Amino acid sequence: MSKIMVIEEDSAMRMLISEWLAGEGHEVRSPPRHDPAPDDQVDLVILDLPHPRAPGPGTAQALQAVHAAYPHASVIGISTRLGRSLGRDSDIAQALGVSRLLAKPCSREELLGAVAAAL
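Peer 1: Help me get a handle on the side chain of Ser 79, residues and values and all.
Peer 2: Its location among the elements puts Ser 79 in strand 4 (residues 74-79). The exposure class assigned to Ser 79 is buried, which follows from its relative accessible area of 2%. Beyond its immediate sequence surroundings of up to four residues, Ser 79 is in contact with Leu 49, Leu 102, Ala 103 and Lys 104.

Here you go:
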C-alpha cells in the first residue's frame, strides 16, 4: 500500500492514527516533528498543524519543511483549532496547500476517507 508519515505531537493521537492506517495495510512512519528526514518515496503526510501561539515554527514554516522533505507527497493537516473538517475546495486548505484539513479529534472513518481521497 502507501507510505504515510504521521507528524503528530500528541503520542496517544499519533499511535491511534498509526494503528488505523497500519490496519488498512499502509506503511506508517513517525519522524520527529522538527527534523523530518527527506524521503521522496512518501505518498502522504498527516501533519498536526502547530498552534499559532506554540513555541517553534508556525504553520507556514511547518508546511514548508514538510513539502521540502516529502516533495511528492500529499498533505493532510489536522488541528484542534478547527470547528469542523474542511475539504480540498475550502479557501483555507487551498491557501495552505493541503489536500484536506481535519478537525481533531476525528473519527476513524473520517481519517480513512481523507486518506483515500488524498491518495
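Peer 1: So what about the environment of Ile 76? Which residues, and what values?
Peer 2: With respect to the helices, strands and loops of the structure, Ile 76 is situated in strand 4. Given the relative accessible area of 0%, Ile 76 is considered buried. Remark: the alpha-carbon pair of Ile 76 and Ile 46, spanning 30 residues in sequence, is separated by 4.8 Å. Setting aside residues no more than four positions away along its own chain, Ile 76 makes contact with Leu 44, Val 45, Ile 46, Leu 47, Arg 100, Leu 102, Ala 114, Val 115 and Ala 118.

Conventions we followed
Residues numbered from 1 in each chain as written. Predicted model: local features only at pLDDT ≥ 70, side-chain atom pairs only at ≥ 80, totals over all residues. Heavy atoms only, no water. Helix = DSSP H or I, 4+ residues; strand = E, 2+ residues; numbered from the N terminus. Buried < 20%, exposed > 50% of the residue type's maximum accessible area, 1.4 Å probe, protein only. Contact = heavy atoms within 4.5 Å.

Shape is all these values report; function is a separate question.
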